[in-house]
Structures are given as C-alpha cells and as structure tokens.
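For reference, the chains in residue letters:
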Amino acid sequence: MASDNRKEKIVVTGLHKYFDKNEVLKGIDAVIYEGEVVCVIGPSGSGKSTFLRCLNKLEELTSGKIVIDDYDITDKKVDINKVRENIGMVFQQFNLFPNMTVKKNIMMAPVELKKMTKAEAEKKAVQLLSRVGLSDKAEAYPGELSGGQQQRVAIARALAMNPDIMLFDEPTSALDPEMVGEVLDVMKELAEEGMTMVVVTHEMGFAREVSDRVLFMADGGIMEEGSPERLFGNPQNERTQDFLKKVL
Amino acid sequence: MGFSRVINDALPLLLEGLKLTVLVSLASIAIGMVIGLFVCLMKMSKNIVLRAIAGVYIWIIRGTPMLVQALIIFLGVPQLIQMAVKDFRFDAVTAGIITLSLNAGAYLAEIYRGGIMAVPKGQTEAARSLGLSKSKTMRKVVLPQALKFSVPSLVNQFIITIKDTSILTVIGMAEVVNKAQQYVGSTFVYFETYSIVALMYLAIISLLMVLSNYIEKKLKYEEKKSGK
C-alpha cells in the first residue's frame, strides 16, 4: 500500500470484545495512518460502534492491543485521560451539556484540563463557532438548537482540545435528512485539512467521496477493506456485495 | 377563643422555640447534604467495602424510627462514651442535630443517587472522551445536572427534616413544640396554642416551597426546542 511510509497513528491488534458471553468483536487488526480518513461501514450489529469506542477506551476491551501515537492504551500505566485529550469524539446523540451555553460547552474541557486560560479558550470557542457557521449561537443553550446545529457544536467542542485524531460515531444518524449535509460539510472540511479521522457511518455518499479507505465490518470482524473506488466499485467479499446491494 | 391570650402571653416563648427549630433544621439539612453526598458516592463506588458501609448505614436509618434513634443518640451513646470519658453528655441540641443530620443524610444519599442515575450516560461519555477524569466528570458534568433532577425530592426531604425537629421534643430540645408544651402545661389552652404552632410550620414550609419554585425555574435551561 502507498500509505506504508506514512506514520502509523492507530494500531489495533487482535482486538476482542465481549459483552457478557456475547462476542461482539472477534479479533480485529487494523492500522490507521496519520492524516487518513477511514470510514467504517457495515450492517447494524456488526460491531462498528463498539470498535470505534474501543479506540478511546470508552469501551474496555476484553483482549488485544491498541497503540495510539506510541501509547499502548491497554497498558494500565498509560494515563488514558491524557491520551483522550488528543482524540476528539463525536456521538450520534450529540451529548452536549444541556446546562451550559454553547460557548461554555466548548470552553469547559480546555479550561478544566488547564490546556488554556479562560480568555484563550473563549477566543478558541469564538473561532471554532465561526468555523462551523454558528457564531450567532455562542450564548444559546443546546436545547434551543436544531439537531444539525447541535452536532456542529459537538464537533467544535471536540476540536477545542486541539486533538489530532477525531472519531465519529454515526454523527448524522440522529439527524433529520435536511440537516445531514451541514454536518457532513464540516467533516469534509476537517478531512481536507488533514485531520486523522475514523468515521462510523451509514452515509455511503460521504464514505465514497471523502474517505481514503473504507472498512467493511460484519459479524464482529473486518470483512474487507480498500479504497472507496475499489470497495464500492468492485467488492470482493460476498457479505460486502450483499450489503452494498441493499444500501446503494 | 383564646388566640389573643396565647399571642399576648406565649408568642415570645413560641418564637424563641421557632428560632431553634429553624436553626436546627438549617444545620441538619446542611450537614445532611454533605453526609448524603459522601454516602451516595460510597454507594456508587466500585469498592465493595465502601458500598457495604453505605448500604448498612442507609438500611439502619431507614429501618428504625427517628424517635428511637434520637433516644439512642441522646441517652444511649453517652452511656457508652462514659466508659472512656467520665461524665460525658450531649446537650439536647447537639444530639438533635446529630440525629436529624444522620437521618436526612441517608435519605438524601438515595435522592442524589436517583438524580445521578437520571443523567444520561452520554453526558459522562462526552466528558470522559474530552479527557476529563472520573471525578472531574462527576463534579463538573454529572452532579450539576443531577442536582437539577433532584430539586423536587430535595425540597420534599427538607420539609420532612423541618417537621421532624418536633420529634426532638422527647429529648427535651427546646424547639417550638417543646415550648408550646411548657405553656399548655400550666394554661391548658391546647387548641389555640397548637394551632399557632401549626401555622408557624406552615409559614416556614410555604416559604421554602416558594423558594424551591424559584430555583426550579432558574434551573430550567432546556426543553425549548429539543423536545427529546
């Protein structure tokens, strides 16, 4: 692969995850390179979201190893909070803090974690809000915003920590159709700027257009991966063919 | 009727008792809120010993009448301590505040726990994913929201604590009911005296309810468009 001389950003080896006795991830090996945009697609229940949530240890893994920027996050001595500061995450349900204004949502983590002074964080928040097109909403509460606006704030909140990896967990699945575009546009911009991104998504158009590589997951494993042109144009695995036939 | 007589004769006495009622209530609520927070966090901790201690505490307090607890603390516990410290005694107010705080603490712990569990898991996940530690997530994200969910139950518990001060008359704490008993003991004007005492409670608790409505309104931040 051409990406071989690029820096490895996330290296996953032999990842297994059980929920009680139910094996959700059945031995996953994957490498995400610096600056790469990787979309993870597949039927529901395939373990996509669980895989993503293991990458910042929101989900404890049962066995296997995940190395991020040379930090083995499965090593108990590694401070996961420090590693997470460099990994932004965006959720399906936005998960904004409803008791804080939009601006406070964005400023909270950098200030609390002493990455920035209050003034710096405020400046950053203003800058990020203009970037996601919501400058006029700084003083609004999340409950006053549409789903699309909330998700854009959530992206801004994640970016406030200056992460170099962004994880997206079905960021548009909870949105009304007319709001999907505005969120994908922000993500596209981010991708163009060279952010390392792992995106679990059902938006095949986005996966095809924006990603450098697509992983197809089914039954707790990666069944097939490849460039979007290759994977969408000429899927090899039977499960991939079957899935794409249904969704495209 | 003898209302004017009671007001003329006994109002200063009753107000003095009421003052103690209010002070003891405030102190017990404040201490109880702190106890409750710690017990709640203990009960939710991963450490089985902490969880067990909290569980036993809540079990005992909820499972026994406060009247009996007050008697044990005021009369029983000093007897034990006297074995080590000669002539040790609690005064009634101290014993009263201890009883009420321990009582409120147990119930408040459960109220907090309910509030914490009502905060969606996504809130914790969002905070943790930003790099906040467990305890910071609790303090900065979960507890403020949990408090909001808890306000109605908290106010309810405050009301119970205020009313329960009257039980402490059995250990001779000179709160308002105790003062009233002193007065009717020599004058026998039961209806008027106790009615006035009842009105005093009603006034204080009404005040608290007005305050809580105000706080609830202040804390209302969402529910405009989100609709979820």
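Refer to the preceding data block for the structure.
Attention here is on the structure that accompanies the text.

**Some words on the interface of chain A and chain B**
In this assembly, 27 residues from chain A lie in contact with 23 residues from chain B. Between chain A and chain B, a total of about 2200 Å² is buried, with carbon and sulfur atoms accounting for 57% of that surface. Among the residues of chain A in contact with chain B, Pro98(A), Asn99(A) and Glu112(A) are the three that bury the most area, contributing 22% of the side total. Linking chain A to chain B there are 3 salt bridges. One salt bridge in this structure joins Arg53(A) and Glu125(B), with 2.6 Å as the shortest N-O distance. Here chain A is connected to chain B by 5 residue pairs in polar contact (both at pLDDT 80 or more). For the side of chain A that touches chain B, the elements supplying multiple residues, two or more each, are α2 (80–85), β6 (87–90), α3 (102–112) and α5 (147–159) of chain A. Of the residues assigned to the side of chain A that touches chain B, the class counts are 15 nonpolar, 6 polar and 6 charged.

**Some words on the sheet that holds strand β7 (residues 165–169) of chain A**
All names here are of chain A. With mixed pairing, the 6 strands of this open sheet are ordered in space as β6-β7-β8-β3-β9-β10. Every other strand in the sheet has two partners, leaving β6 and β10 (221–226) as the edge strands with one partner each. Neighbour-to-neighbour, the strand axes of this sheet turn through a mean angle of 15 degrees, independent of strand direction. Of the pairings in the sheet, the one linking strand β9 (residues 213–218) to β10 comprises 5 bridges and is antiparallel in character. Looking at β10, one finds that Phe216 is bridged to Glu224. Of the strands in this sheet, β3 (37–41), β6, β7, β8 (196–200) and β9 touch helix α1 (residues 48–55), which is tilted by about 150 degrees from β7. Seen against the sheet, α5 touches β6 and β7 and runs at an angle of roughly 170 degrees to β6.

**Re helix α8 (residues 190–219) of chain B**
All names here are of chain B. In a regular helix each residue adds 1.5 Å, so 30 residues correspond to 44 Å; α8 covers 43 Å between its end C-alpha atoms and thus fits that length. Turning to α8, its buried residues number three or more, namely Glu192, Thr193, Ser195, Ile196, Val197, Met200, Tyr201, Ile205, Leu208 and Ser212. Where α8 is buried, its residues meet α1 (3–43), α6 (134–164) and α7 (176–187).

About the thresholds
Residues numbered from 1 in each chain as written. Chains lettered and ligands numbered in written order. Predicted model: local features only at pLDDT ≥ 70, side-chain atom pairs only at ≥ 80, totals over all residues. Heavy atoms only, no water. Contact = heavy atoms within 4.5 Å. Buried area = accessible area lost by both parts, 1.4 Å probe. Salt bridge = Lys/Arg side-chain N within 4 Å of Asp/Glu carboxyl O. Polar contact = N/O pair within 3.5 Å; in protein donor to acceptor, adjacent residues only side chain to side chain. Helix = DSSP H or I, 4+ residues; strand = E, 2+ residues; numbered from the N terminus. Nonpolar A, V, L, I, M, F, W, Y, C, P; charged D, E, K, R; others polar. Pairing = 2+ DSSP bridges. Axes fitted to C-alpha atoms, helices over the stretch in contact; angles between N-to-C directions. Expected span 1.5 Å × (residues − 1). Buried < 20%, exposed > 50% of the residue type's maximum accessible area, 1.4 Å probe, protein only.

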